[in-house]
Amino acid sequence: MPSEQVDFAVIGGGPAGAAAALTLRRHAPQKRVVLLEAGRHEKPKPGEILPAVAQGLLRQLDVWTPFAAEAFVRSRAVVSAWSDEAPDERHSMFSAQGAGWQLDRARFDRLLVRSARAAGTEVRIGSAVRSAVREGRAWRLDLADGEIRASAVIWATGRNWRLARSFGAKLRVHSHLVAYTRFFDRAPGDCRMVIEARPEGWWYSADLPDRCRVVSCLTDPDLGSELRQSKHWYRALAATRFIAPLVPPDAHETAKLVKSAGTATVDRAAGERWVAAGDTLFTADPLSSRGIVHALRSGILAAYAASDMIDGRDELARKRYAMIAAQGFADYVPALAARYAAAARWDTAFWNRRRPQLEDRAANHAVRAFSSEVGTGSRQENASNQNHRARF
Ligand SMILES: Cc1cc2nc3c(=O)[nH]c(=O)nc-3n(C[C@H](O)[C@H](O)[C@H](O)COP(=O)(O)OP(=O)(O)OC[C@H]3O[C@@H](n4cnc5c(N)ncnc54)[C@H](O)[C@@H]3O)c2cc1C
């Protein structure tokens, strides 16, 4: 089997992995960086709303010009029927940051990987990493067609945590949620994103490029399993007040997806010459709309941490990165719990699990996330955390 030696291997070519590779190439241009992506960025992917705040990160990554040239749909307004039946409409013109974007996610991901390649990253598409083994001072990554030895690794495989054991990390699932998503080939073209709370969970829909539309229902896995079947999904859609009219009668369904969408973290943000980034580090509920921004930001920070590691500042890099990750999670958890509590107006299983008193439990969780690195939390707390499967 051929074996190659590189300085940095980035596993996963989503926004986190691409941001890490772009940053490594700018920060350490003399180092060899390889990006390994299992898929081909061809299939439809959920995660379409890019908040306006992403502009600064895209500029920092030097991809703003090609991004702007893609002319994704500008997100002009968000309509939400959330805390009561009357919809609340917020226009981007009243936001200091302006309008965000509604993306074709596969196209956006391809753009980032293309930019990473143009910046000097060696990109291997269709190259899944099967396992990672620590050998001396390097990581050996096993691929279908060979192996790679890397001085440091950025682990950015999204919600695929199969490599957790290789890195000695454990997954902590904080809340369960599943998205039942369908894409359509027609859209009203009004550039608004619509969110509607319903007894079974909540729905969102947005215009996408090429006049397509995404419609998704998010609920708990034990409550929504029948939504896998078209007849149940369309019946539930018909009962919505604001989402159903967004699917024109002549629209055809072009794809459907079922994806887990709850909150999860790994118990260690970084370890011996490895750093987790994006969803792998901390995967957010889509209600927060922060997944892509978090992926880009953590990819950038992970690149600096990995770079510090191979420059001999391992412990400092690990601690600093873990503290930033813990702070991000501590900000997210109570904000999300409050957002759910604001819509808890039905006496149904989905909303009863998200009642306001759960905010306290949520805040507790936030304090304990990544506690093994940042040094808070007792051993007993950490052990109970690893086994815990709480909802908030
Ligand atoms: C229903 C739903 C709606 C969402 N809506 C939004 C939204 O509106 N706005 C928003 O900002 N976020 C949203 N998100 C979240 C957003 O999609 C993610 O946070 C974002 O994609 C994370 O980027 P990432 O790079 O960490 O992971 P990913 O985008 O998942 O990329 C990981 C990559 O790693 C590759 N990979 C996996 N395993 C391996 C392996 N072993 N070897 C090599 N490669 C591998 C995968 O093929 C993939 O390309 C949503 C998520 C869901 C589920």
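All values reported here derive from a predicted model rather than from experimental measurement. (Residues numbered from 1 in each chain as written. Predicted model: local features only at pLDDT ≥ 70, side-chain atom pairs only at ≥ 80, totals over all residues. Heavy atoms only, no water.)

Asker: Quick question: what am I supposed to make of the overall build of the chain here?
Answerer: Summing up its helical and strand segments, the chain has 13 helices and 21 strands in all. Its C-alpha atoms give the chain a radius of gyration of 21 Å, near enough to 21 Å, the size a compact globule of 392 residues would have. Each principal axis of the C-alpha atoms in the chain carries an extent, and together these give about 60 × 50 × 40 Å. A separation of at least 24 residues holds for 75% of the contacts in the chain among residues at least 6 apart in sequence. Accessible surface, the chain: about 16,900 Å² in total, of which carbon and sulfur atoms supply 50%. Computed over 57 positive and 43 negative side-chain charges, the inter-centroid distance for the chain is 2 Å. (Helix = DSSP H or I, 4+ residues; strand = E, 2+ residues; numbered from the N terminus. Rg over C-alpha atoms; globule rule 2.2 N^0.38 Å. Contact = heavy atoms within 4.5 Å. Areas by Shrake-Rupley, 256 points an atom, 1.4 Å probe, with all protein chains shown as cover. Lys, Arg positive; Asp, Glu negative; His and termini not counted. Charge placed at Lys NZ, Arg CZ, Asp CG, Glu CD.)

Asker: How do you make sense of the pairing of strand E15 (residues 201-208) when you look at a structure like this?
Answerer: Along a regular strand, successive side chains alternate from one face of the sheet to the other. For E15, the buried fraction is high: eight of the eight residues fall into the buried class. Across six bridges, strand E14 (residues 192-198) lies against E15 in antiparallel orientation. Along E15, the bridge assignment pairs Arg-198 with Gly-201. What sits between the antiparallel neighbours E14 and E15 is a turn of two residues. (Buried < 20%, exposed > 50% of the residue type's maximum accessible area, 1.4 Å probe, protein only. Pairing = 2+ DSSP bridges.)

Asker: Even after reading the chapter, I still don't get the site of the ligand, so can you show me in this structure?
Answerer: Around the ligand sit 36 residues, and of these Glu-37, Lys-45, Ile-49, Asp-279 and Ile-292 come closest. One nitrogen or oxygen atom from the main chain of Pro-15 is found 3.1 Å from an oxygen atom belonging to the ligand. Separating an oxygen atom of the ligand from a side-chain N or O atom of Arg-105 is a distance of 3.0 Å. For the shell around the ligand, the elements supplying multiple residues, two or more each, are helix H1 (15-27), strand E2 (33-37) and helix H8 (291-310). If one sorts the elements of the shell around the ligand by residue count, H8 sits on top with three residues. (Near = heavy atom within 4 Å. Polar contact = N/O pair within 3.5 Å; in protein donor to acceptor, adjacent residues only side chain to side chain.)

Asker: Even after reading the chapter, I still don't get the UniProt feature "domain: FAD-binding" (unreviewed entry) in the chain, so can you show me in this structure?
Answerer: Taken from the UniProt record, the annotation "domain: FAD-binding" (unreviewed entry) applies to residues 6-175. The span residues 6-175 is 26% helical and 34% strand by assignment, and the distance between its end C-alpha atoms comes to 37 Å. (UniProt positions renumbered as here; feature names shortened; annotations may be inferred.)

Asker: Quick question: what am I supposed to make of the side chain of Arg-273 here?
Answerer: Relative to the helices and strands, Arg-273 is located in the loop between strand E19 (270-271) and strand E20 (274-276). At 3.4 Å, the side chain of Arg-273 and the backbone oxygen of Met-309 are in polar contact. Ignoring any residue separated from it by four or fewer positions in sequence, one finds Arg-273 in contact with Arg-134, Arg-137, Trp-139, Ser-151, Ala-152, Val-153, Met-309, Ile-310 and Asp-314.

Asker: It is not clear to me how the packing of H8 against helix H9 (residues 314-342) should be interpreted in this structure. Could you clarify?
Answerer: Angle between the axes and distance between the axes: these two values describe a pair of packed helices. For the pair H8 and H9, the least separation of the axes is 8 Å and the interaxial angle reads 165°. Considering the angle they form, H8 stands roughly antiparallel to H9. The handedness of the crossing between H8 and H9 comes out as left-handed. Seen from H8, the contacting residues are Ser-298, Leu-301, Ala-302, Ala-305, Asp-308 and Met-309; seen from H9, they are Asp-314, Ala-317, Arg-318, Arg-320, Tyr-321 and Ile-324. Among the residues making up the contact of H8 with H9, the classes are represented as seven nonpolar, one polar and four charged. (Axes fitted to C-alpha atoms, helices over the stretch in contact; angles between N-to-C directions. Parallel < 35°, antiparallel > 145°, perpendicular 65-115°, else oblique. Left-handed = near helix turned anticlockwise from the far one by under 90°. Nonpolar A, V, L, I, M, F, W, Y, C, P; charged D, E, K, R; others polar.)

Asker: Mind showing me how you'd approach the packing of H1 against H8 here?
Answerer: Relative orientation of the contacting elements H1 and H8 amounts to 40°, with a least axis distance of 7 Å. Comparing their axes, H8 and H1 come out oblique. For H1 against H8, the interelement crossing comes out right-handed. Contact residues: H1 offers Pro-15, Ala-16, Ala-19, Ala-20, Thr-23, Leu-24 and His-27, while H8 offers Ile-292, Ala-295, Leu-296, Gly-299, Ile-300, Ala-303, Tyr-304 and Ser-307. Taken together, the residues that form the contact of H1 with H8 break down as eleven nonpolar, four polar and no charged.

Asker: Mind showing me how you'd approach the environment of Ser-260 here?
Answerer: With respect to the helices and strands, Ser-260 occurs in strand E17 (residues 253-260). Classification of Ser-260 by relative accessible area gives partly exposed; the value is 44%. For the pair formed by Ser-260 and Leu-177, sequence separation is 83 residues and the distance between their alpha carbons is 5.9 Å. Once residues lying within four places of it in the same chain are set aside, the contact partners of Ser-260 are Arg-159, Leu-177 and Val-178.

Asker: Teacher, can you tell me more about the pattern of salt bridges here?
Answerer: Pairs can form between side chains of opposite charge whenever their charged atoms are close. Taken as a whole, this structure holds 31 salt bridges when the rule is applied. Its salt-bridge partner being Arg-32, residue Glu-4 comes within 2.6 Å of it at the nearest N-O pair. Here Glu-4, found in strand E1 (residues 3-11), pairs with Arg-32, found in the loop between H1 and E2; they are 28 residues apart in sequence, far enough to count as distant. Taking the relative accessible area as the measure of exposure, Arg-32 reaches 31% and is therefore partly exposed. Its salt-bridge partner being Glu-200, residue Arg-198 comes within 4.0 Å of it at the nearest N-O pair. One connected set of salt bridges, linked through shared partners, spans Glu-135, Arg-140, Asp-142, Glu-147 and Arg-149. (Salt bridge = Lys/Arg side-chain N within 4 Å of Asp/Glu carboxyl O.)

Asker: When you look at unusual backbone geometry in this model, what are you seeing that I'm missing?
Answerer: Where the residue is not glycine, phi is negative for most of them; where a peptide bond is considered, it is trans in most cases. Phi is positive for Ala-71, close to 50°, though the residue is something other than glycine. The residue Ala-71 is located in the loop between helix H3 (64-69) and strand E4 (73-75) in this model. Given a relative accessible area of 60%, Ala-71 falls into the exposed group. Positive phi is not limited to glycine here, since Arg-273 has a value of about 60°. By relative accessible area, which is 7% here, Arg-273 ends up buried.

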